[in-house]
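Residue strings, one per chain:
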There are 2 protein chains.
Amino acid sequence: VNSEHQPWVVIMAGGVGSRFWPASRAARPKQLADLFGQGPMLRMTSDRLLPVAPIERQLVVTGEILREGVAAALPGLHAENILAEPVGRNTAAAVGWAALHIAERDPDAVLAVVPADQYIADIPAYQETSRRAVAAAREQDAIVTLGIPPTRPETGYGYIERAAEIGEGLFNVGAFREKPDRETALSYLADGGFLWNAGMFFMPASLAIRELERFEPELLEGLRSLFGPHARPPSEVYPTLKSISIDYAVMERTDRVRVIPGSFGWSDVGSWEALYDHRGDQDSFHAGDVIEIDGSGNVLSSEGGLVAVVGVSDLVVVHTPDATLVVPRADSQRVREVVDRLRADENEELL
Amino acid sequence: VNSEHQPWVVIMAGGVGSRFWPASRAARPKQLADLFGQGPMLRMTSDRLLPVAPIERQLVVTGEILREGVAAALPGLHAENILAEPVGRNTAAAVGWAALHIAERDPDAVLAVVPADQYIADIPAYQETSRRAVAAAREQDAIVTLGIPPTRPETGYGYIERAAEIGEGLFNVGAFREKPDRETALSYLADGGFLWNAGMFFMPASLAIRELERFEPELLEGLRSLFGPHARPPSEVYPTLKSISIDYAVMERTDRVRVIPGSFGWSDVGSWEALYDHRGDQDSFHAGDVIEIDGSGNVLSSEGGLVAVVGVSDLVVVHTPDATLVVPRADSQRVREVVDRLRADENEELL
């Protein structure tokens, strides 16, 4: 592979959240948790992009408090390739910072921006789609998003309406659509022209900078002050930045956005229950050391120990060395009630 | 209390077993496990007898591999008060060894022999009954057992049939009865003259020695060789000893046995399910750090961490730092299947 054609990968790893407690904690959110028993999701994300861009060309944008966790999850990552935000300012700032940082090192760089906490089943297909997206972004000086053909009337995702096909498997974008109600989601599914917005997009760094300058000039000006001989520290700059998503700031305003539909077993893994879809041919989902006797329909996850269940069904059981969670699979979002209780008890150790 | 009237407590802590996995392990059987969130059962046993006999007068008979665990559970116990058997040889050998050991230090000693792994709810009543048993054993030169008035037709315990009342609350023993079938257990319960054999008995050390000499002279001779100027080490003597219970060896043969009925909330806590009976006014049994939201009928136990359950009922959930168990409460004995699996996998670390 000619390195000129390699993109720079920007892994968005700033997320917080407690939907995967006790595997996820404040200092170890979902992207650093080992949900599949295959290492942290961040590492899974990095690893599957290594054939597209080597670790030297991978950057992680994350929160300052996650810096150590990120470094531990990706031991091969260069320290200067971690951009640690002192406070979260949504995705436009994160993408802008990464674009400026990379453009300084490689003005012709193409960025591949991906969330750290998604699951992809068909990795070769994903890598192939990514390469096509990189090439299209470079050739057309465009922002190329990946759109996932929906397999159910999902109301939890945004959608991308595709328009004219302008190249093989490359489409103009008609519109970005907010999370729909169920009726609308059903019509999107029937229509066939709507794709899930997976939050993965490819574009020249120069285009990202240009479009931010055009639509959010103050934000870009703030980010520029992080560079140069009179650079100000992020701790000073970041709190002043506008908090806006890259979707609102650029995607929904620019005329340079394209979409490539791609089916590669994508999932954003939004809850313990969602892991059940990744059980393969098994009756239950297993991650880590698990003994399951006479059970089915379970999501069983262990880290640093063993989960052993006998004669139970349709449960989520999660073991970590300092906490165990048990909740019916269909109610796995009720883990929030546990986290709320820990907060009320100011049990910082387990949060 | 005049120390002349204090007994010497002999705590029988040689038990093995896996009914309380993962809280119990090969190197930490039930008597060393913290089943109630109040410390190891051995310590609960020792503590509730402190007003009857101080720690200097408490001995623990246990297995060599449990010596460290016993010392850790009872930091105040003198090292010479741990009798560590190199191999298990049932209770007659254990009682005989303790009797000879104590008789050397105090020829007039009265022994209070108690299992390490029982639960007693009404501790003052138990202490009062024990004091009466000590006095009766001394005054009558007898073996005084405690008999628990049955509250259900239990088929898992042996029974003691009481005979004539020879003192206030003190009875001759008609017979020891093996674990009955259900029909027999029902008749025992209806009769009112049958008591559960709780394995607790009180007797002068000299009487214990005399009766062993009478009924099992070879066993006593072997045990005597552990003492004196030409003492042989337990590792040499113990494997040659006859393996027989104190019940078979002495209780069922001697004419010197008496029984004191005592109701003090006794339980031998034979399974995870049995802990449910100790839930008090709560809907579930809790030991250790537990968060239970919208649940009932559960047995929830944590050691070195938190058990958090939401919306589940009638389950056993046990957390230890390296293993979690989940099993329906009514099937809690199926924990054996997990232990069998660990054995088949030669997973020594978790056994």
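Residues numbered from 1 in each chain as written. Chains lettered and ligands numbered in written order. Predicted model: local features only at pLDDT ≥ 70, side-chain atom pairs only at ≥ 80, totals over all residues. Heavy atoms only, no water.

Focus: the overall build of chain A
Tallying secondary structure elements over chain A gives 11 helices and 15 strands in all. Against the 2.2 N^0.38 benchmark of 20 Å for 351 residues, chain A shows a C-alpha radius of gyration of 21 Å, consistent with a compact globule. Judged by the C-alpha coordinates and their principal axes, chain A covers about 60 × 50 × 40 Å. Among the 351 residues that make up chain A, the fraction classed as buried is 56%. The long-range fraction of contacts in chain A, counting pairs at least 24 apart against all pairs at least 6 apart in sequence, stands at 65%. Surface summary for chain A: the accessible area is close to 14500 Å², and the carbon and sulfur share equals 46%. If you average the places of the 32 positive and of the 51 negative side-chain charges in chain A, the two averages end up 3 Å apart. (Helix = DSSP H or I, 4+ residues; strand = E, 2+ residues; numbered from the N terminus. Rg over C-alpha atoms; globule rule 2.2 N^0.38 Å. Buried < 20%, exposed > 50% of the residue type's maximum accessible area, 1.4 Å probe, protein only. Contact = heavy atoms within 4.5 Å. Areas by Shrake-Rupley, 256 points an atom, 1.4 Å probe, with all protein chains shown as cover. Lys, Arg positive; Asp, Glu negative; His and termini not counted. Charge placed at Lys NZ, Arg CZ, Asp CG, Glu CD.)

Topic: the pattern of salt bridges
One pass over the structure, following the stated rule, counts 36 salt bridges over all chains. Between A:Arg152 and A:Glu154 there is a salt bridge, and its shortest N-O distance comes to 2.8 Å. Using a relative accessible area of 34% as the deciding quantity, one classes A:Arg152 as partly exposed. Its salt-bridge partner being B:Asp294, residue A:Arg334 comes within 3.0 Å of it at the nearest N-O pair. Residue A:Arg334 is found in the loop between β15 (323-328) and α11 (335-344), and its partner B:Asp294 is found in the loop between β12 (285-293) and β13 (299-310); the two belong to separate chains. Looking at A:Arg334, the relative accessible area reads 18%, which means it is buried. Overlapping salt bridges, with partners in common, bring together A:Glu211, A:Arg214 and A:Asp255 in one network. (Salt bridge = Lys/Arg side-chain N within 4 Å of Asp/Glu carboxyl O.)

Digging into the relation of the copies chain A and chain B
Taken as rigid bodies, chain A and chain B are interconverted by a rotation of 180° and an axial shift of 0.0 Å, the fit giving an RMSD of 0.0 Å. The superposition of one copy onto the other is thereby described by a two-fold rotation axis. If distances are taken from each C-alpha of chain A to the rotation axis, the shortest is found for A:Pro321, at 2.1 Å. When the interface residues of chain A are mapped onto chain B, 100% of them again fall at the interface, so both copies present the same face. (Least-squares fit on C-alpha atoms with pLDDT ≥ 70 in both.)

A few points about helix α3 (residues 90-105) of chain A
All names here are of chain A. In this model, α3 (16 residues) spans 24 Å end to end at C-alpha, consistent with the 22 Å of a helix rising 1.5 Å per residue. With 12 of 16 residues buried, α3 is to be regarded as a mostly interior element. Those residues of α3 that sit buried are Ala92, Ala93, Ala94, Val95, Gly96, Trp97, Ala98, Ala99, Leu100, His101, Ile102 and Ala103. (Expected span 1.5 Å × (residues − 1).)

Some words on the confidence of the model for chain A
Across chain A, the average pLDDT comes to 96, with 99% of residues at 70 or higher. Prediction confidence for the complex, expressed as pTM and ipTM, is 0.89 and 0.88 respectively. (pLDDT = per-residue confidence, 0-100.)

A word on the interface of chain A and chain B
Each side of the interface is counted separately: chain A has 32 residues, and chain B has 32 residues. When the buried surface of chain A facing chain B is broken down by residue, A:Val310, A:Thr324 and A:Val326 rank first, second and third, together holding 23% of it. Taken together, chain A and chain B are joined by 17 residue pairs in polar contact (both at pLDDT 80 or more). Contributions of two or more residues to the side of chain A that touches chain B are made by β12 (285-293), β13 (299-310), β14 (315-320), β15 and α11 of chain A. The greatest single-element share of the side of chain A that touches chain B, amounting to seven residues, is contributed by β13(A). Residues belonging to the side of chain A that touches chain B are distributed by class as follows: 20 nonpolar, six polar and six charged. Across four bridges, β13(A) lies against strand β15 (residues 323-328) of chain B in parallel orientation. Within β15(B), the residue paired with A:Val309 across the bridge is B:Val326. (Buried area = accessible area lost by both parts, 1.4 Å probe. Polar contact = N/O pair within 3.5 Å; in protein donor to acceptor, adjacent residues only side chain to side chain. Nonpolar A, V, L, I, M, F, W, Y, C, P; charged D, E, K, R; others polar. Pairing = 2+ DSSP bridges.)

Thoughts on the environment of B:Asp294
Relative accessible area serves as the criterion here: at 53%, B:Asp294 is assigned to the exposed category. Between the alpha carbons of B:Asp294 and B:Phe176 there is a distance of 46 Å; along the sequence they are 118 residues apart. Discounting chain neighbours no more than four positions away, the residues touching B:Asp294 are A:Arg334, B:Gly311 and B:Val312. Of note is the side chain of B:Asp294, whose polar atom sits 3.0 Å from the side chain of A:Arg334.

Some details on the pairing of β13(A)
Residue and element names in this part refer to chain A. Among the 12 residues that make up β13, 11 are buried, leaving the element largely enclosed by the rest of the structure. In this structure, β12 lies alongside β13, joined through eight bridges in parallel fashion. Within β13, the residue paired with Ile291 across the bridge is Ala308. The pairing of β13 with β14 spans four bridges and is parallel. What sits directly across from Ser301, in β14, is Val318.

Let's talk about the side chain of B:Arg57
For B:Arg57, the location among the structural elements is in the loop between α1 (41-49) and β2 (58-63). Using a relative accessible area of 13% as the deciding quantity, one classes B:Arg57 as buried.

A look at unusual backbone geometry
For the bond from A:Trp21 to A:Pro22, the omega torsion is 5°, close enough to zero to count as cis. Along the chain, A:Pro22 turns up in the loop between β1 (8-13) and α1 (41-49). A positive phi angle, close to 55°, is found at A:Asp294, a residue other than glycine. For B:Asn90, which is not glycine, the phi dihedral falls at a positive 70°. Along the chain, the position of B:Asn90 falls in helix α3 (residues 90-105).

Comments concerning the packing of aromatic side chains
Residues and elements named next belong to chain B. Tallied over the full model, the rule gives 20 aromatic pairs over all chains. Ring centres 5.5 Å apart and planes at 50° place the aromatic pair Trp97 and Tyr238 in the tilted group. Of the two residues, Trp97 sits in helix α3 while Tyr238 sits in the loop between α8 (234-237) and α9 (246-251), which places them 141 residues apart along the sequence. With relative accessibility at 7%, the residue Trp97 sits in the buried group. Under the relative-accessibility criterion, Tyr238 is labelled buried at 0%. Taking the centre distance of 6.1 Å and the plane angle of 50° together, the rings of Trp196 and Trp266 count as tilted. Of this pair, Trp196 sits in strand β9 (residues 194-204) while Trp266 sits in strand β11 (residues 266-267), placing them 70 residues apart in sequence. We note that Trp196, like Trp266, is buried. (Phe/Tyr/Trp six-rings, centres within 6.5 Å; stacked < 30°, edge-to-face > 60°.)

What about the environment of B:Val318?
All names here are of chain B. Within the secondary structure, Val318 sits in strand β14 (residues 315-320). The exposure class of Val318 is buried, given its relative accessible area of 1%. Distance in space between the C-alpha atoms of Val318 and Glu168 is 45 Å, their sequence separation being 150 residues. Residue contacts for Val318: discarding those within four places in its chain leaves Pro22, Ala23, Trp272, Ser301, Ala323, Thr324 and Leu325.

Description of the pairing of β14(A)
For a regular strand, the rule is simple: side chains alternate between the two faces of the sheet. Residues and elements named next belong to chain A. Within β14, six of the six residues are buried, leaving the element largely enclosed by the surrounding structure. Burial along β14 is two-sided: Leu315, Val317 and His319 facing one way and Val316, Val318 and Thr320 facing the other are all buried. Bridge analysis of β14 against β15 gives six bridges, and the strand direction is antiparallel. In the strand pairing of β15, Val316 is matched with Val327.

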